[in-house]
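Residues per chain are reported as follows:
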Amino acid sequence: MRGRVVIVEDEELVAQDIRYILEDAGYEVPAIFHSAEDLLEGLEKLKPDSIIMDIMLEGEMDGIDAARIIREKMDIPVIYLTAYSSDEIVKRARETEPYAYILKPFHERDIRVNLEMALYKHEAKKNRVKLVREKAINEYLKRSIEEKEQLLRELHHRVKNNLQLIISLLSLQIRYIEDPAIEEFFRDYVNQLRSIALIHEQAYPSSGTYIINFREYMRRLSSRLLSSHGRASDVRVTVSGDHAELNMDTAVPLALITAELISNSLRHAFSEGGGEISIEIRRFNGRHRLVYRDNGHGLPEDVSFPDGGSFGFRMIDNLAGQLGGQIEVESSDDGVVFTFEFFEQFYADRIT
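Calculation rules
- Residues numbered from 1 in each chain as written.
- Predicted model: local features only at pLDDT ≥ 70, side-chain atom pairs only at ≥ 80, totals over all residues.
- Heavy atoms only, no water.
- Buried < 20%, exposed > 50% of the residue type's maximum accessible area, 1.4 Å probe, protein only.
- Helix = DSSP H or I, 4+ residues; strand = E, 2+ residues; numbered from the N terminus.
- Pairing = 2+ DSSP bridges.
- Right-handed = clockwise from strand over helix to strand, strands pointing away.
- Salt bridge = Lys/Arg side-chain N within 4 Å of Asp/Glu carboxyl O.
- Core = buried A, V, L, I, M, F, W, Y, C linked by side-chain atoms within 4.5 Å.
- Contact = heavy atoms within 4.5 Å.
- Axes fitted to C-alpha atoms, helices over the stretch in contact; angles between N-to-C directions.
- Polar contact = N/O pair within 3.5 Å; in protein donor to acceptor, adjacent residues only side chain to side chain.
- Arc of directions from axis to C-beta.

Visitor: What's the story with the pairing of strand 1 (residues 5-8) in this structure? I'm lost.
Guide: Note on strand geometry: in a regular strand, side chains alternate between the two faces of the sheet. Where burial is concerned, the two faces of strand 1 agree: the one with Val5 and Ile7 and the one with Val6 and Val8 are both buried. Here strand 1 pairs with strand 3 (residues 50-53) via 4 bridges, running parallel. Residue pairing across strands places Val5 opposite Ser50, the latter belonging to strand 3. In terms of strand pairing, strand 1 meets strand 2 (residues 32-33) through 2 bridges, oriented parallel. Note on strand 2: the bridge partner recorded for Ile7 is Ile32. You can see the chain leave strand 1, run along helix 1 (residues 12-24) and come back into strand 2, and the turn it takes is right-handed.

Visitor: Help me understand the pattern of salt bridges, please; the structure alone is not making it clear to me.
Guide: Pairs may arise between side chains of opposite charge once their charged atoms sit close together. What the rule picks out here adds up to 19 salt bridges. Glu44 is paired through a salt bridge with Lys47; the nearest N and O atoms lie 3.9 Å apart. There is no split in this pair, since Glu44 and Lys47 are both exposed. In this structure, the salt-bridge partner of Asp62 is Arg92, at a minimum N-O distance of 3.1 Å. Here the residue Asp62 occupies a position in the loop between strand 3 and helix 3 (63-73), and Arg92 occupies one in helix 4 (residues 87-95), the gap between them amounting to 30 residues.

Visitor: How should I be thinking about the environment of Ser228 in this particular structure?
Guide: The residue Ser228 is located in helix 9 (residues 214-228) in this model. Spatially, the C-alpha atom of Ser228 lies 9.5 Å from that of Ser263, the residues being 35 residues apart in sequence.

Visitor: Explain the nonpolar core here, please?
Guide: Most often, soluble globular proteins keep nonpolar side chains buried together rather than apart. Judged by nonpolar contacts, the single largest core of 46 residues is most densely connected at Phe214, Tyr217, Ile257 and Ile279. Counting residues per element, this core draws most heavily on helix 10 (residues 248-269), which supplies 11 residues. The contacts of Tyr217, once residues within four sequence positions are left out, are Ser195, Ile196, Leu198, Ile199, Gln202, Ile212 and Ala255. Judged by nonpolar contacts, the second largest core, of 29 residues, contains Val6, Ala31, Ala36 and Leu103.

Visitor: Teacher, can you tell me more about the sheet that holds strand 12 (residues 327-332) here?
Guide: Within a sheet, each strand pairs with its neighbour through backbone hydrogen bonds, oriented either parallel or antiparallel. Here 5 strands make up an open sheet; going across it, the order is 8-10-11-13-12 and the pairing mixed. Of all strands in the sheet, those bounded by a partner on one side alone are strand 8 (235-241) and strand 12. The sheet shows a mean angle of 10° between the axes of neighbouring strands, direction not considered. Sitting on the sheet, helix 9 touches strand 8 and strand 10 (275-284), and the angle it makes with strand 8 is about 175°.

Visitor: Would you take a moment to explain the side chain of Thr258 for this structure?
Guide: As for its position among the elements, Thr258 is in helix 10. One polar contact links the side chain of Thr258 to the main-chain carbonyl oxygen of Ala255, over a distance of 3.1 Å. Other than its neighbours up to four places away in sequence, Thr258 contacts Phe214, Met218, Leu221 and Leu290.

Visitor: Explain helix 3 to me, please; I cannot follow it from the model alone.
Guide: Helical geometry: 3.6 residues make up each α-helical turn, so side chains three or four residues apart lie on a common side. Of all the positions in helix 3, only Gly63, Ile64, Ala66, Ala67 and Ile70 are classed as buried. Taken down its axis, helix 3 places every buried residue within 155° of arc, on the same side. Away from the buried face of helix 3 by more than 90 degrees, exposed residues Glu72 and Lys73 are located. Residues of helix 3 that are buried sit in contact with helix 2 (36-46), strand 3, strand 4 (78-82) and helix 4. The N-cap of helix 3, judged by a side-chain oxygen 3.2 Å from the amide nitrogen of Ile64 a few residues on, is Asp62.

These values are about where atoms sit, not about what they do.
Now the structure itself:
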């Protein structure tokens, strides 16, 4: 066994992924925590060799607060694993003297290399040996933090490439599917991935983050979905409203919601011919309102939103909650209207 490593991550799937990476590399993972409070309560008993910790955690205390306490009271190396890299967060993180600062999405190699470096560095510090090596590692970490803007741009580029790779793999697989239901299932996933990829194509940097013009984004997304479903000739989509610039934390779930609504209309609302879809976005009193309409034949009598419909309806409802709002649905023989008021999400507000 190469060492005992505790994982502190509020996303269970991410935590399990890290655990498998560590165990495959020969490390023991004695515990996974979702909050800093639980971590601090269990550290004395577990006595790990290192901690891999997200900055955004459940509870009132974030990862940086926990790392500061660990540094003051215990001698355990901490590795940050986070998707956030603002000036304020980086400054706070630097004061805790972390052993590594890894940006999400991470590669398996990032975890293994940085953990190995952290354990080696920690051992050198305890024995007061190899001080030159330790200084070089600290200088590398300092330089990495100062170059965060470049890393964020590279990360943005990698996300786009990786999304395209997944889309291409699924698209190739679809060619070999003979069951129409399974084929439609996979095509829906491809369309959802394309909606996210399109966000990264149109996003541009502003004030340390990436934002998109959502109204223009909806025009491009609807055009692609019409082509994907073969309805470009008989279904018309109009997009109107205010000039809405949204950050990535808001745009991605909103894109998934609208992509699913458009796909549902194209599959079910206009089965007997063409039709029209209108999408309107407005900003008022610090909130946004999205109104989606189609002039199809409405929802079937035995279908209700969200639990009485497909998985797509439940996904839409969950994403709406993630954006701090609820979707109202009105259905008649003249079509269906989805109205959604939401708040723009600011990642910094969730972790500070």
